[in-house]
Amino acid sequence: MGHFEIGTEDFLLDGAPFRILSGAIHYFRVHPDQWADRIHKARLMGLNTIETYVPWNEHSPEPGTFLTNGGLDLARFLDLVQAEGMQAIVRPGPYICAEWDNGGLPAWLFTDPSIGVRSSEPGFLAAVDGFLAGLLPIVVERQVSRGGPVILLQIENEYGAYGSDKAYLQHLVDFALNAGVDVPLFTCDQPFGSMIEDGSLPFLHKTGTFGSRTAERLAFLRERQPTGPLMCAEFWNGWFDNWGTHHHTTDAAASAAELDALLSAGASVNVYMFHGGTNFGFTNGANDKGIYEPTITSYDYDAPLSEDGYPTDKYFAFRDVIAKHFPVPEELPSRRRPAAEAGVAVTSAAGLLGSLDLLGGPRTLAGPAPTTEDAGQYRGFTLYSTEVDRGGVLTVAEVRDRAQFFLAGSPVGVLSRELGERAITIPSGGLLQVLVEDQGRVNYGRRIGEFKGLMAPVKLNGGELLDWDIQAVDVGKLGSLRAAATDLAADAGVPGPSVAFADFEVDEPADRYLRLDGWTKGNAFVNGFNLGRYWSRGPQRTLYVPGPLLQPGRNELAILELHGSTTRTVQFVAAPDLGPDEK
């Protein structure tokens, strides 16, 4: 059995100095059949450790559950890290940020308005205890002291940017220790102002998060922690993208120079991200610092290992830097292999509004407009319906996050949170239906935990609309729409909102990218798996299709198109297109 501790100058593994050369891989953003490949390529770059967050909301989609199947099998992921001869760092939060939906906090948690957020409020602590009770046994039995790979466990996550509740942090520490955690505990915060002190406790090891001005950041950290090894727990070598922006990139040589400065200073490092992966389904988060900005599906992050797991120029630049300081394996990973390209035409489609009975049942609620939480819906789409006796100006307090309005089945307009829109003209009376899309819950700042949907009061000509049917749109049942789908004309596009279907053949399953030129907005599914959101505004132009999702022979494609397309055809292409780089 091993032993890992924090010395006066170094991390110590079995008594010997150990420099942590870590890379971030989020197991929940990578198909589980590809975990071993990504971990192996991290070692080939010269890394000796893998770091991951743990998303509470994925493991616990409803109270009292802790799922560990498929892509949530953290135990298997950590075992693969160990099989590669590497160490592991686990960062369970419970808040993780990570540009992940709600920062990893379950949306169901906040249906009780008395529950606190990232604080020592008793209801929040009780829920956190339930999460940790499910998680920590997996980690504890894989600690280095028990022959496993885990050498460090993080307490909270950049908490100093949010609060300074020391009782909350102490509670997290006490629970971890009582659960049997014996590896060192640490915190990470940005080296600015009082964040380092606010986000930690005196006896916890403190680390910094930054991507530039290395000497200055390390000096700031050293002033607040006179002894112990220096570590950048998130070395930001890239960035994430929002819809409607450019694809963010950082210069490989400049990032490599900062990494060299870190290693030359004797610091340990966790490259964030080594491999970003994908926000499959509805898992992306959003920022709101005055303007709501949802994160795109790709989490490529301009990382050394691309979204589909191939080395970039940054990978080889980082490998060269690490080789200046430490031995690196002689083996080199391969560059991207070409894949077969093909066009596929959808052949049939079912209108969404006319197929709602196949996707769940509505609830009738009297009173002000309900939230999507009232429908038990915490991600994706929710449909509101009510009868209006006349036309006029309809106003909402706020829309979260994007609402399409239909009168008697015909579209009448869209309200967008991002644009601050709150009023729309309804031409006449009739059945009013509103399809509301949760575009991703805010993952940073004070709007974490907020409700989604049409925020009351919803008024027509100044009078509040009080009686609503509300229905969760269960995209897990989209396959049931295929029997109700009708054939599409060969020379026409696809109307929206609808779900279009196609079969396509695969000779050899391998990674592909789905390109949706001529389509507007929605989600795409391969063999029932939600690849994520697409949107013609960009920057992202392709959706990553992991090879393990495909099977030899027949495969099924389904496209939930919200507005309509100018074509029936999509393209499976060999390389990604994340849009123009930001210069």
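The shown structure was predicted, so the numbers you read here are calculated from the model rather than taken from an experiment.

### A few points about the side chain of D300
In step 1: With respect to the helices and strands, D300 occurs in the loop between β13 (292-294) and α9 (313-325).
In step 2: Note on D300: relative accessible area 11%, which makes it buried.
In step 3: A polar atom in the side chain of D300 sits 2.9 Å from the backbone nitrogen of E307.
In step 4: Those residues in contact with D300, other than ones at most four positions away along the chain, are H247, G276, G277, S306, E307 and L578.

### Structural notes on the pattern of salt bridges
In step 1: Tallying each qualifying case throughout the model produces 37 salt bridges.
In step 2: Note that R91 and E234 form a salt bridge whose closest N and O atoms lie 2.9 Å from each other. Placement of R91 in strand β6 (residues 87-91) and of E234 in strand β10 (residues 231-236) is noted, with a sequence separation of 143 residues between them.
In step 3: The exposure class assigned to R91 is buried, which follows from its relative accessible area of 1%.
In step 4: With a closest N to O distance of 2.6 Å, E556 and R482 form a salt bridge.

### Concerning the layout of surface pockets
In step 1: Space inside the largest pocket adds up to approximately 1200 Å³.
In step 2: Broken down by secondary-structure element, the contributors of at least two residues to the lining of the largest pocket are α2 (56-59), β17 (380-388), β27 (467-473), β32 (529-535) and β34 (553-561).
In step 3: The computed volume of the second largest pocket comes to approximately 490 Å³.
In step 4: Looking at the second largest pocket, it is lined by 23 residues, and the ones nearest its centre are H247, T249, D300, D302 and T312.
In step 5: A breakdown of the residues in the lining of the second largest pocket according to their chemical character gives six nonpolar, six polar and 11 charged.

### What to know about the sheet that holds strand β28 (residues 486-487)
In step 1: Spatially, β28-β15-β29-β34-β31-β32 is the arrangement adopted by the six strands of the open sheet, whose pairing is antiparallel. With partners counted over all chains shown, the strands left at the sheet margins are β28 and β32, one partner each.
In step 2: The pairing of strand β29 (residues 498-506) with β34 spans nine bridges and is classified as antiparallel. Bridge pairing links E505 to R554 in β34.

### Some details on the pairing of strand β11 (residues 268-275)
In step 1: Burial of β11 is extensive: eight of the eight residues sit out of reach of the surface.
In step 2: For the segment spanning β10, helix α8 (residues 252-264) and β11, crossover handedness is right-handed.

### Regarding the packing of helix α1 (residues 35-44) against helix α3 (residues 74-83)
In step 1: Between α1 and α3, the shortest axis-to-axis distance is 10 Å and the interhelical angle comes to 35°. For the pair α1 and α3, the crossing hand works out as right-handed. Across the interface between the two elements, W35, A36 and I39 from α1 touch R76, F77, L80 and V81 from α3.
In step 2: Residues that form the contact of α1 with α3 fall into these classes: six nonpolar, no polar and one charged.

### Details of the sheet that holds strand β22 (residues 423-426)
In step 1: In spatial order, the strands read β22-β18-β25-β26; together these four strands make up an open sheet with antiparallel pairing. Only two strands of the sheet have a single partner each, and these edge strands are β22 and β26 (463-464).
In step 2: Inspection of the sheet shows strand β18 (residues 392-395) paired to β22 by four bridges, in the antiparallel sense. Pairing of T395 across the sheet is with A423, part of β22.

### With respect to unusual backbone geometry
In step 1: Put simply, G93 and P94 share a cis peptide bond, and its omega is 25°.
In step 2: Here P94 is to be found in the loop between β6 and α4 (122-140).
In step 3: Of note, the amide linkage connecting G496 to P497 takes the cis form, showing an omega dihedral of -5°.
In step 4: Take P497: it is sitting in the loop between β28 and β29.
In step 5: Of note, E99 is a non-glycine position whose phi angle comes to about 55°, a positive value.
In step 6: You can see E99 is positioned in the loop between β6 and α4.
In step 7: Note on E99: relative accessible area 9%, which makes it buried.
In step 8: Unusually for a residue other than glycine, E158 sits at a positive phi of about 45°.
In step 9: Looking at the secondary structure, you find E158 in the loop between β7 (150-154) and α5 (166-178).

Parameters and conventions
- Residues numbered from 1 in each chain as written.
- Predicted model: local features only at pLDDT ≥ 70, side-chain atom pairs only at ≥ 80, totals over all residues.
- Heavy atoms only, no water.
- Helix = DSSP H or I, 4+ residues; strand = E, 2+ residues; numbered from the N terminus.
- Buried < 20%, exposed > 50% of the residue type's maximum accessible area, 1.4 Å probe, protein only.
- Polar contact = N/O pair within 3.5 Å; in protein donor to acceptor, adjacent residues only side chain to side chain.
- Contact = heavy atoms within 4.5 Å.
- Salt bridge = Lys/Arg side-chain N within 4 Å of Asp/Glu carboxyl O.
- 1 Å grid on protein atoms, 1.4 Å probe; cavity = no way out; pocket = protein on both sides within 12 Å on 5 of 7 lines; lining within 4 Å.
- Points joined across faces, edges and corners; volume = space filled by probe spheres on them.
- Nonpolar A, V, L, I, M, F, W, Y, C, P; charged D, E, K, R; others polar.
- Pairing = 2+ DSSP bridges.
- Right-handed = clockwise from strand over helix to strand, strands pointing away.
- Axes fitted to C-alpha atoms, helices over the stretch in contact; angles between N-to-C directions.
- Left-handed = near helix turned anticlockwise from the far one by under 90°.

So, to be careful, I would describe these as geometric facts and stop short of saying anything about function.
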